[in-house]
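# Descriptive structure summary
Below, each chain spelled out in residue letters.
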Amino acid sequence: MLVIYGPMAQISVGKLFMGAFIPGFMLSGLYIIYIVILSIVKPSVAPVPSQEELAIPLGTKLFALVKGLVPPMFIILAVLGSIFFGVATPTEAAAVGCVASTLLAAAYGRFNLELLKSASRDTLRIGAMAMAVGLGATMFTAVFLRLGGGEAVSSLLTAAPGGKWGFFALTMFIIFILGMFIDWIGILFVMIPLVSPIGEAVGFDPLWFAMMICINLQMSFLTPPFAYAIFYLKGMAPPEWGMETGHIIRGVIPFVIIILIGMALCVAIPDIILWLPHQMIKF
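This write-up is about the structure you can find in this document.

Thresholds, definitions, all that
Residues numbered from 1 in each chain as written. Predicted model: local features only at pLDDT ≥ 70, side-chain atom pairs only at ≥ 80, totals over all residues. Heavy atoms only, no water. Helix = DSSP H or I, 4+ residues; strand = E, 2+ residues; numbered from the N terminus. Expected span 1.5 Å × (residues − 1). Buried < 20%, exposed > 50% of the residue type's maximum accessible area, 1.4 Å probe, protein only. Arc of directions from axis to C-beta. Contact = heavy atoms within 4.5 Å. Core = buried A, V, L, I, M, F, W, Y, C linked by side-chain atoms within 4.5 Å. Phe/Tyr/Trp six-rings, centres within 6.5 Å; stacked < 30°, edge-to-face > 60°. Lys NZ or Arg CZ within 6 Å of the ring centre and 35° of its normal. 1 Å grid on protein atoms, 1.4 Å probe; cavity = no way out; pocket = protein on both sides within 12 Å on 5 of 7 lines; lining within 4 Å. Points joined across faces, edges and corners; volume = space filled by probe spheres on them. Nonpolar A, V, L, I, M, F, W, Y, C, P; charged D, E, K, R; others polar. Polar contact = N/O pair within 3.5 Å; in protein donor to acceptor, adjacent residues only side chain to side chain. Salt bridge = Lys/Arg side-chain N within 4 Å of Asp/Glu carboxyl O.

In this model, helix H5 (residues 90–107) (18 residues) spans 25 Å end to end at C-alpha, consistent with the 26 Å of a helix rising 1.5 Å per residue. For H5, the complete set of buried residues consists of Ala-93, Gly-97, Ala-100, Leu-104 and Ala-105. The arc that holds every buried residue of H5, seen down its axis, measures 135°, which confines them to one face. The outward face of H5, more than 90 degrees from its buried face, is lined by the exposed residues Thr-91 and Leu-103. Close packing links the buried residues of H5 with helix H4 (58–84) and helix H6 (113–146). Phi for Gly-109, located one or two positions after H5, is positive at around 70°.

Right, here's the structure in full:
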């Protein structure tokens, strides 16, 4: 999302990643707090581990944790590290990630010709899908702007009561509603050329405004009918759990509310987003 957003709004992808760190940890912390409180209030949602699990030594658990975290951390550091330290552009960093993934597959003894062919096919299919969505959205946006739709949208948004905060609230609401029905890639391609220049013109920091949109779009993964996370969880839940889609929808509602709380905190304290990128600029 950030890699696509950056070039469209002419914002450094590295700054976007730095701006996403603290909000990401903040949302994770809010999720954890909610889960802990819910587990205390309603213990049945978080059953106590079995005696066999409790008997496993702490050292064994820590080793398993580290063993599970090192491979993905290696890939993350390879990609983000190459961007942050100016070694590679975001596009080149993707290639660095491919090399890191290949090295890990080889280290685990799983790299073979069939895996390479399968990964290449999946990459081609997903890349073609993203390019097709981007092409269609770009054509729509270009025609829309050429016919004067940009001025109409600008007039509508800037005429919202409440000044720039009215514009901000209306923009966030529109993106939230679109997230229920449209893929986030399409939303970025259609909305960013329209609202990003207006946001900067009315006085919002472009980096802060961009991150608020990206945080808002996290709800698009949870809000039906177009909700990736809900269908992913439904697909991976074992049949014996008896997990229906309705159960998952009810379960994600608190997390949507938590994201809204996170957005409110970022509005009240902009440095949640801006502090780390500003430190990056100093160095």
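Now for the nonpolar core. Membership of the largest hydrophobic core comes to 53 residues, with the highest contact counts inside it found for Tyr-5, Leu-16, Trp-208, Phe-209, Met-212, Ile-213 and Ile-273. Every residue in contact with Phe-209, bar those within four places of it in the chain, is listed here: Tyr-5, Phe-167, Phe-168, Thr-171, Val-195, Ser-196, Gly-199 and Phe-204.

This part covers the packing of aromatic side chains. The final tally for this structure, using the stated rule, is 15 aromatic pairs. Look at Phe-167 and Phe-209: their rings are 5.9 Å apart centre to centre, the planes differ by 15°, and that puts the pair in the stacked class. With Phe-167 in helix H8 (residues 163–179) and Phe-209 in helix H10 (residues 206–217), the pair connects residues that are 42 residues apart, well separated along the chain. Positioned above the aromatic ring of Phe-204, the side-chain terminus of Lys-164 is 4.9 Å from the ring centre.

A separate point is the layout of surface pockets. Volume-wise, the largest pocket comes out at about 370 Å³. What lines the largest pocket is a set of 17 residues, and nearest its centre among them are Ala-20, Phe-21, Pro-23, Gly-24 and Phe-25. Elements with a minimum of two residues in the lining of the largest pocket: helix H2 (13–41), H4 and H10. If one sorts the elements of the lining of the largest pocket by residue count, H2 sits on top with 9 residues. Per-class residue counts for the lining of the largest pocket are 14 nonpolar, 3 polar and no charged. Lining the second largest pocket, in full, are Gly-97, Cys-98, Ser-101, Thr-102, Ala-105, Phe-111, Leu-115, Leu-116, Ala-119, Ser-120 and Thr-123. Among the elements of the structure, H5 and H6 are those that each provide at least two residues to the lining of the second largest pocket. Within the lining of the second largest pocket, the residues separate by chemical class into 6 nonpolar, 5 polar and no charged.

With respect to the element layout, Thr-223 can be found in the loop between H10 and helix H11 (228–236). In this structure Thr-223 comes out as buried when scored by relative accessible area, which is 5%. A polar atom in the side chain of Thr-223 sits 2.9 Å from the backbone oxygen of Met-219. Excluding residues that lie within four positions of it along the chain, Thr-223 makes contacts with Phe-176, Gly-179, Met-180 and Val-256.

This part takes up the pattern of salt bridges. Evaluation of the coordinates by the stated rule reveals 2 salt bridges. Between Glu-114 and Arg-121 there is a salt bridge whose closest N-O contact spans 3.9 Å. Exposure remark for Glu-114: the relative accessible area of 48% places this residue in the partly exposed category. One salt bridge in this structure joins Asp-122 and Arg-125, with 2.9 Å as the shortest N-O distance. Separated by 3 residues within a single helix, Asp-122 and Arg-125 lie in helix H6, roughly one turn from each other. By relative accessible area, which is 52% here, Arg-125 ends up exposed.

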